[in-house]
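One letter stands for each residue in the lines below.
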Amino acid sequence: MSSRTRLTFHITLSTPTPTPSSPTLTIQITDPRSTTANNLALATWGSSEILANQLHRLPIPDFTATGPGTQTFPILELGAGTGLVGLSAAAIWQQRTCLTDLRPIVPNLEANIAANRKELAKYGGSAVCGVLDWDDPETRVLGLGEMVRARVILAADTVYSEEHPALLTKAVVARLERGERARLVMCYPLRIGYLDHIRDLWARLEDAGLVCVLEGRETLDQSWEEDTPYEWCVWRWREERLQQQQP
Ligand SMILES: C[S@@+](CC[C@H](N)C(=O)[O-])C[C@H]1O[C@@H](n2cnc3c(N)ncnc32)[C@H](O)[C@@H]1O
């Protein structure tokens, strides 16, 4: 079984330099190989492993409520796949996460939530899931309930075709809370064939009023048998963009 179809992931909880005896979170993934969407067999991609293991190093997002009547969902994952990043974030940040993807992927997400419910609860986290197609991001998402926007959006390995930068930006603009505490956290491989898509995504996010506030690069361990660099980045709304939205 390759790393992409591995069924147990140990996610680092400690900081700053993990060792073999560092505390880890154990996330179980139900066998994803029979699930497909968009001609892509379901798997856990390298970006997820990188980002899940990066979360404990990131500044903890501020999840406190912005004010009365301004309810937001704590964490929303777009294109969750097997859900490794969202499930890890639920435990590490002790919040409720909504894992979303295309409809054919959601039963596997439900199974992964069930498989990890107790582990998340140990850390004070929980997860729900629902369908969210980036091309139709306004549609009601079952797991989100009435809370239409999220404080934190996670997206790992979600840019691998020329349509994705525009679609993903559309979904982020529709679903990221409008406020100074909102964050978009992404990770993607820096493969030659994808670099134009990544540049396009950055340009579109900047045009939409977001700014990157933190970024870094990591590589996978040897079990993945690849030396591709991965980039992760954290975004927030520009002050000017937020002021434009004041009534
Ligand atoms: C390469 S996989 C990454 C999955 C997971 N984030 C990971 O890193 O393991 C891309 C994911 O994006 C989802 N996806 C592709 N197009 C989508 C769309 N239009 N709306 C929602 N999800 C989409 C796919 O179904 C797939 O689960």
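Please read all numbers here as calculations on a predicted model, not as lab measurements. (Residues numbered from 1 in each chain as written. Predicted model: local features only at pLDDT ≥ 70, side-chain atom pairs only at ≥ 80, totals over all residues. Heavy atoms only, no water.)

Colleague: Provide a residue-level description of the site of the ligand, including the pertinent values.
Modeller: If you check the shell around the ligand, you find 19 residues, and the closest are Trp45, Ser48, Gly79, Asp101 and Ala156. Taking tryptophan 45, its main chain carries an N or O atom lying 2.8 Å from an oxygen atom of the ligand. Aspartate 101 places a side-chain nitrogen or oxygen 2.6 Å from an oxygen atom of the ligand. Across the complex, the protein chains shield 96% of the 590 Å² of accessible surface that the ligand would expose by itself. Grouping the amino acids of the shell around the ligand by side-chain chemistry returns 10 nonpolar, six polar and three charged. (Near = heavy atom within 4 Å. Polar contact = N/O pair within 3.5 Å; in protein donor to acceptor, adjacent residues only side chain to side chain. Areas by Shrake-Rupley, 256 points an atom, 1.4 Å probe, with all protein chains shown as cover. Nonpolar A, V, L, I, M, F, W, Y, C, P; charged D, E, K, R; others polar.)

Colleague: Before we move on, can you summarise the pattern of salt bridges with the specific residues and values?
Modeller: Within the structure shown, the criterion is met by 10 salt bridges. A salt bridge links arginine 57 to glutamate 218; the shortest N-O distance between them is 4.0 Å. Here arginine 57, found in the loop between α1 (46–54) and β5 (73–78), pairs with glutamate 218, found in strand β10 (residues 210–218); they are 161 residues apart in sequence, far enough to count as distant. A relative accessible area of 36% means that arginine 57 is categorised as partly exposed. For arginine 151, the salt bridge is made with glutamate 177, and the minimal N-O distance between the two is 2.4 Å. Taken together, the residues span a long stretch of sequence, with arginine 151 in strand β8 (residues 150–156) and glutamate 177 in the loop between α4 (164–175) and β9 (183–189) at a distance of 26 residues. Like arginine 151, the residue glutamate 177 is buried in the burial classification. (Salt bridge = Lys/Arg side-chain N within 4 Å of Asp/Glu carboxyl O. Helix = DSSP H or I, 4+ residues; strand = E, 2+ residues; numbered from the N terminus. Buried < 20%, exposed > 50% of the residue type's maximum accessible area, 1.4 Å probe, protein only.)

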